Amino acid sequence: MLVCLGVPGGLALLVFHYVPLLGNVIAFQDYQPYLGLTESDWVGWQNFSFLWDGNPEFRNALWNTVVLTVIQTVLVFPVPLALALTLNSLAGERLKRTLQSVLYLPHFLSWVIVVALFQQMLGNAGMLNTFLVQNDLPVLQVIGSPELFKALITSQVIWKDAGWGTILFLAAISRIDQEQYEAAAVDGAGARQRLWYVTLPALKGLIILLLILRLGSSLSVGFEQIILQQGPVGLQASEVLDTWVYNNGILGGNWGTSAAAGLVKGLVGVLLVIGANKLAHVFGERGVYEK
């Protein structure tokens, strides 16, 4: 019976995730849509030339992707943990549930709506600049500023998804044996000490697991979010690997090169997961999978 329940999900996974992997063959072809996979000419490793010919657009996209990955790993990843610890410290269950609902809400908004909201608040004619003009203060150019683009992208990610990311941490915290807190309190441990010596050690395995999974998708830093805001700031400041693949492949017609870039990105993600998982084993953690 359980197997039958899992069949629809398994079929969906097979059809929409594994079968499309066969399309990576165009990374080794001079793919032409009107010829198809079977008739397009094979070119071997020619489509991977962007890796060794110093393609400036690709290098710029790679650099922006790495910078955003580091920023979001350092600044975005810890926010759900901090929010979960804060919510867990609240005494009133009603207040806690209300705040959770408020924090979860942005996750269900599309990036189109999120970008529009930020433009209404921080745009040249937005709420912030309207207030500054009314008070004879200099306006701030946030939307459309190449220098502030990465900070803007990061703040949007935090606002949209940080609340949703607290779910796993709150679930893990709820499973911690309350007797450990009681024993620590009897030994004279204060709130900070209980957090440091009881809560965080209990969450260590989950934190490492989520960090490893984050590394696997680290080179995907938000295609839809960035493509919606790319025009005002220009490609030099906003181009990342996903948008480079779109601009180079879908718009530029270089299907094989774009498929090669996507394939390389996927392989790098797999290697990062495997490497991080082995590092977790060195430190005695289970990671994504055991040895």
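Structure shown above.
Residues numbered from 1 in each chain as written. Predicted model: local features only at pLDDT ≥ 70, side-chain atom pairs only at ≥ 80, totals over all residues. Heavy atoms only, no water.

A.B. asks: Which residues make up empty space enclosed by the protein, and what values go with them?
C.D. replies: One way to see where empty space is left: roll a probe the size of a water molecule over the atoms. Counting across every chain of the model gives one cavity of 30 Å³ or more. Size it by volume and the largest cavity reaches roughly 40 Å³. Gln119, Ile143, Gly144, Phe149, Leu152, Gln229, Pro232 and Val233 are the residues that line the largest cavity. Split into classes, the residues belonging to the lining of the largest cavity amount to five nonpolar, three polar and no charged. (1 Å grid on protein atoms, 1.4 Å probe; cavity = no way out; pocket = protein on both sides within 12 Å on 5 of 7 lines; lining within 4 Å. Points joined across faces, edges and corners; volume = space filled by probe spheres on them. Nonpolar A, V, L, I, M, F, W, Y, C, P; charged D, E, K, R; others polar.)

A.B. asks: Account for helix 15 (residues 255-282), naming residues and giving values.
C.D. replies: Because the α-helix completes a turn every 3.6 residues, residues three or four places apart line up on one side. Counted at 1.5 Å a residue, the expected span for helix 15 with its 28 residues is 40 Å, and the 41 Å between its end C-alpha atoms agrees. One or two positions beyond helix 15, positive phi appears at Gly284, with a value near 80 degrees. (Helix = DSSP H or I, 4+ residues; strand = E, 2+ residues; numbered from the N terminus. Expected span 1.5 Å × (residues − 1).)

A.B. asks: Could you give an account of the pattern of salt bridges, naming the residues involved and the relevant values?
C.D. replies: Should their charged atoms come close, side chains of opposite charge can pair. According to the stated counting rule, one finds two salt bridges in the structure shown. With a shortest N-O distance of 2.4 Å, Lys265 and Asp242 are connected by a salt bridge. Of this pair, Lys265 sits in helix 15 while Asp242 sits in helix 14 (residues 241-251), and the two are 23 residues apart along the sequence. As far as burial versus exposure is concerned, Lys265 and Asp242 are alike and both buried. (Salt bridge = Lys/Arg side-chain N within 4 Å of Asp/Glu carboxyl O. Buried < 20%, exposed > 50% of the residue type's maximum accessible area, 1.4 Å probe, protein only.)

In short, geometric facts, not functional conclusions.
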